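# Structural overview
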Amino acid sequence: MIRTILHVDMDAFYASVEQRDRPELLGRPVIVGASPGGRGVVSAASYEARRFGVHSAMPIGRAARLCPEAAFLPVDRDKYARVSGEIMAILADFTPLFEPLSIDEAFLDVTASRGLFGSGEAIASEIKRGIREEIHLTASVGVASNKFVAKVASDLRKPDGLVVVHPGHEAEFLAPLPISRLWGVGRVTERALEAMGIRTIGQLAEVPTDRLAARFGAGGAMLAELARGCDDRPVQPFAPPRSMGAEETFDADHLDLALLHVTLRQQAERVARDLRAEGYAGRVVTLKIRFADFSTHTRAHTTEPTQDGLSIYREASALLERVNLAQPVRLIGISVSGLGPPGQGQLSLLAPDAVRRERLARALDRLAGRFGDEAVRPASLVARPRAPGKGSRAGGMEPRGGQSR
C-alpha cells in the first residue's frame, strides 16, 4: 500500500504565539530571542521581521540593526511547550502514528486513517482548520508518500501553506529545487556538488549512485535516493530525541580557560540531569565552540553510555584540550547524542564508584526538583565564580527537525 505521510510545521511558532497573545503586536515585526543589547541569537522571527532579512540563529545585534523597530521578546519556553502540547493533541486525533520532530513540527502516517477521514489532502485541511480555530495559529502542511518529500513540501508555501505531492510525481516535484533542500547537504557538500556542475536536485538524480558513493561514501548513496524521491523510513511515534545539550553565549569574548571549564562543568550537570529525567543515556559527547569571528568548531568522542555529569564533563574537558584557542571564545556548549536506555553499557573497571555516583545523582535530582537547580552544586562550582553566560541555552531535548520557520 502506498503510504500517505504528512509533515505539519507551525509558522514562525514562537513569534506567532506572542502575536496571538498580544494583539498589539499583530502586523508588527516580532523577534523572539536574546535582549537586543545582548550577544545571543534570534530564536524566531515573525514574517514581518523576515522582510527586513531577520532569520532564526542570526546574532541578535545584527537583527536589531536590520529591524530596530521590531518588538524584541524573551523566549518563554514553558508557554510554547504548553501550546505545543495542545497542537500535538489535535494531531493525535487523526492517527497514533505521529512523530514529533521538535516543539513545532511533526510527521504523521495517516495511511490507515484515510478510510475514516478521507484523503491525505482532506486530513491536512482538517488539521489546519483545527489548529486555526482551536489554537488560533497557522500551520503549513506537506502531503506525500514519504517523510522527506512531505517535509520539503511543507516548506514551499509558508505561511499557512498546503502542498500535495501525488504518488509517482516525487522526482518531478523535487527536480527544479536547489540541492540545498536535500537532507545532509550542508555548505561543504553543496560546494562539492556545485564543483561537479550539480545545482538542482534533478541534476543530482541523474548522477549514477556509484559515482556519488565514490565521492561521498555512504552519504552519497543516500543523496541519490533522496534526489529521486525515495525515502522508506517509517514514522516512529516513540523515537528518542537525537541529542540533549546546553550552551552559553558569553557577555564578552574571552580566553579564560578556567572560566570555560566552569561553564562546561555547569552544562554537564544540566545535561546529565535532563538525561536522567527523560530516562536516557548517551554515547557521544560533543563540544561546540564559537569564536569571536563567529567561526564554529565541534569535537566529539564516543564512550560508554552515560548520564553522569562528571563523566560528561571529563569527556568535554578532554575535547577542549584539543581545540586551538587562537582567539577569544564567544560561545561554548555540550551535547550528548547516541541516546538509548540507561544501563546498556558495561561499567568501567576503572570507575568502581559509578554506581555510587548514579545513586547520589538521583538523590540530588530530587533535591533540585524540590528546591531548584542551584540548591546543590559540585564543590568545584561553589569555589569559583559563575560563568557569565547569559545567552541562549539549548537545554533538554534539542529540535530534531530544524528551527522555527
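Read on for a plain summary of the structure.

What counts and how
Residues numbered from 1 in each chain as written. Predicted model: local features only at pLDDT ≥ 70, side-chain atom pairs only at ≥ 80, totals over all residues. Heavy atoms only, no water. Pairing = 2+ DSSP bridges. Helix = DSSP H or I, 4+ residues; strand = E, 2+ residues; numbered from the N terminus. Axes fitted to C-alpha atoms, helices over the stretch in contact; angles between N-to-C directions. Contact = heavy atoms within 4.5 Å. Buried < 20%, exposed > 50% of the residue type's maximum accessible area, 1.4 Å probe, protein only. Salt bridge = Lys/Arg side-chain N within 4 Å of Asp/Glu carboxyl O. Polar contact = N/O pair within 3.5 Å; in protein donor to acceptor, adjacent residues only side chain to side chain. Core = buried A, V, L, I, M, F, W, Y, C linked by side-chain atoms within 4.5 Å.

Strands sit in the order β5-β6-β1-β7-β8 across an open sheet of 5 strands; the sheet is mixed. Two strands lie at the open edges of the sheet, namely β5 (98-102) and β8 (162-164), each paired on one side alone. On average, adjacent strands in this sheet sit at an angle of 15 degrees to one another, irrespective of strand direction. The pairing of strand β7 (residues 139-144) with β8 spans 3 bridges and is parallel. Looking at β8, one finds that Gly142 is bridged to Val163.

Spatial strand order, β9-β12-β10-β11: 4 strands in an open sheet with antiparallel pairing. Only two strands of the sheet have a single neighbouring strand rather than two, namely β9 (243-254) and β11 (296-306). For this sheet the average axis-to-axis angle between neighbouring strands, irrespective of direction, equals 15 degrees. Pairing of strand β10 (residues 281-291) with strand β12 (residues 329-340) involves 10 bridges; the strand directions are antiparallel. Within β12, the residue paired with Val285 across the bridge is Val336. Here helix α13 (residues 257-278) sits on the sheet and contacts β9, β10, β11 and β12; the angle it forms with β9, its principal contact strand, is near 155 degrees.

Bringing the pairing of strand β2 (residues 30-33) into the picture now. Side chains of β2 alternate between two faces, with Val30 and Val32 and Ile31 and Gly33 buried alike. Sheet analysis places β2 next to strand β3 (residues 42-45), joined by 3 bridges and oriented antiparallel. By the bridge assignment for β3, Ile31 is matched with Ala45.

What follows is about the pattern of salt bridges. Applying the stated criterion across every chain yields a total of 17 salt bridges. Linking Asp231 and Arg233 is a salt bridge whose minimum nitrogen-to-oxygen distance equals 2.8 Å. For Asp231, a relative accessible area of 11% puts it in the buried group. Residue Arg233 is classed as partly exposed on the basis of its relative accessible area of 32%.

Our next topic: the side chain of Asp231. Inspection of the secondary structure assignment puts Asp231 in the loop between α12 (218-227) and β9. Reaching out from Asp231, the side chain makes a polar contact with the backbone nitrogen of Phe148 at a distance of 3.0 Å. Setting aside its immediate chain neighbours within four residues, Asp231 contacts Arg3, Asn146, Lys147, Phe148, Trp183 and Leu226.

A word on the nonpolar core. Membership of the largest hydrophobic core comes to 33 residues, with the highest contact counts inside it found for Leu6, Val8, Phe13, Leu108, Ile127, Ile131 and Leu137. Those elements that place two or more of their residues in this core are β1 (5-10), α1 (13-21), β2, β4 (71-73), α4 (77-92), β6 (105-109), α6 (120-135) and β7. Top contributing element to this core by residue count: α4, with 6 residues. By size, the runner-up hydrophobic cluster in this structure holds 28 residues, among which are Ala144, Val149, Val163 and Leu174.

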